[in-house]
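Residue-level structural notes
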Amino acid sequence: RRFTCQATRELTAEDRREAIRTEAVKPTYKNLKSKIDGYRGRYMVYTLNIKEVTQTSTGYLTFAGMSKTKSGVYKEMVAIRTTEEPVWREGTAVRMYLKCIGMYDVVSDEGTTSYPYFDLQWVD
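Everything in this summary refers to the structure shown in the same document. (Residues numbered from 1 in each chain as written. Predicted model: local features only at pLDDT ≥ 70, side-chain atom pairs only at ≥ 80, totals over all residues. Heavy atoms only, no water.)

Digging into the pairing of strand 3 (residues 74–82)
Two strands pair when backbone bridges link them, and strand 2 (residues 60–68) and strand 3 are joined in this way by eight bridges, in the antiparallel orientation. Note that in strand 3 the partner of Lys68 across the bridge is Tyr74. Hairpin connection of strand 2 to strand 3: five residues between the antiparallel strands, including Gly72 at a positive phi of 95°. Where strand 3 lies against strand 5 (residues 111–123), three bridges are found, and the strand directions are parallel. If you follow Ile80 over to strand 5, its bridge partner there is Phe118. (Pairing = 2+ DSSP bridges. Helix = DSSP H or I, 4+ residues; strand = E, 2+ residues; numbered from the N terminus.)

Right, dumping it as structure tokens:
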């Protein structure tokens with residue numbers, strides 16, 4: 001005799017986090033910018049130095065640097081969007097799990113600057 005059955009597994013929040021932790025990559029800034037299309041939709045983990053948090057019509061936008069010099073200059077900038085008010089403050093370093101969603105363009109008098117753009121998953 002042969003029986004066929006079907007089962008589904010509901011992932012808990014902790015199971016989902018563990019799957020993202022396992023899958024998360026940490027490409028260099030240079031590789032991230034040059035190969036952004038290949039990283040879109042992937043999970044990443046970085047410790048970022050918070051430069052600025054601004055409120056937008058849909059949530060909050062944080063600009064952070066992957067590194068910060070002793071003189072206080074932020075380098076290798078990225079943009080992170082959140083729907084809730086961030087728990088971090090400017091000037092702090094925060095380890096974040098993120099999902100890459102492409103590039104974020106900032107237009108100023110000097111021209112357009114593009115930053116890697118992420119959705120926050122959670123903060124460690």
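Considering the packing of aromatic side chains
Tallying each qualifying case throughout the model produces five aromatic pairs. Relative to Tyr117, the ring of Tyr104 has its centre 4.9 Å away and its plane inclined at 45°; by these criteria the two rings are tilted. Within this pair, whereas Tyr104 is found in strand 4 (residues 93–108), its partner Tyr117 is found in strand 5, the two being separated by 13 residues in sequence. A relative accessible area of 24% places Tyr104 in the partly exposed class. Taken together through their ring pairs, the aromatic side chains of Phe63, Tyr104, Tyr115 and Tyr117 make up a single cluster. The lysine or arginine in question, Arg21, covers the ring of Tyr97, its NZ or CZ lying 5.7 Å from the ring centre. (Phe/Tyr/Trp six-rings, centres within 6.5 Å; stacked < 30°, edge-to-face > 60°. Buried < 20%, exposed > 50% of the residue type's maximum accessible area, 1.4 Å probe, protein only. Lys NZ or Arg CZ within 6 Å of the ring centre and 35° of its normal.)

A few points about the sheet that holds strand 4
With respect to topology, five strands assemble into a closed barrel ordered 1-2-3-5-4, the strand pairing being mixed. Across this sheet, the average inter-strand angle for adjacent strands is 45°, counted without regard to direction. Where strand 1 (residues 43–55) and strand 4 come together, seven bridges link them in antiparallel fashion. Following the sheet pairing, Tyr43 is matched in strand 4 by Lys99. Along the sheet, helix 1 (residues 13–23) makes contact with strand 1, strand 4 and strand 5, crossing strand 5 at roughly 135°. (Axes fitted to C-alpha atoms, helices over the stretch in contact; angles between N-to-C directions. Contact = heavy atoms within 4.5 Å.)

Some points on the nonpolar core
By size, the foremost hydrophobic cluster in this structure holds 25 residues, and its most contacted members are Leu32, Tyr46, Leu48, Val78, Ile80, Met96 and Phe118. Every element with two or more residues in this core is listed here: helix 2 (29–34), helix 3 (36–39), strand 1, strand 2, strand 3, strand 4 and strand 5. Considering every element that reaches this core, the biggest residue donor is strand 3, with five residues. Grouped together as the second largest cluster of nonpolar side chains are six residues, Ile20, Ala24, Tyr43 and Tyr97 included. (Core = buried A, V, L, I, M, F, W, Y, C linked by side-chain atoms within 4.5 Å.)

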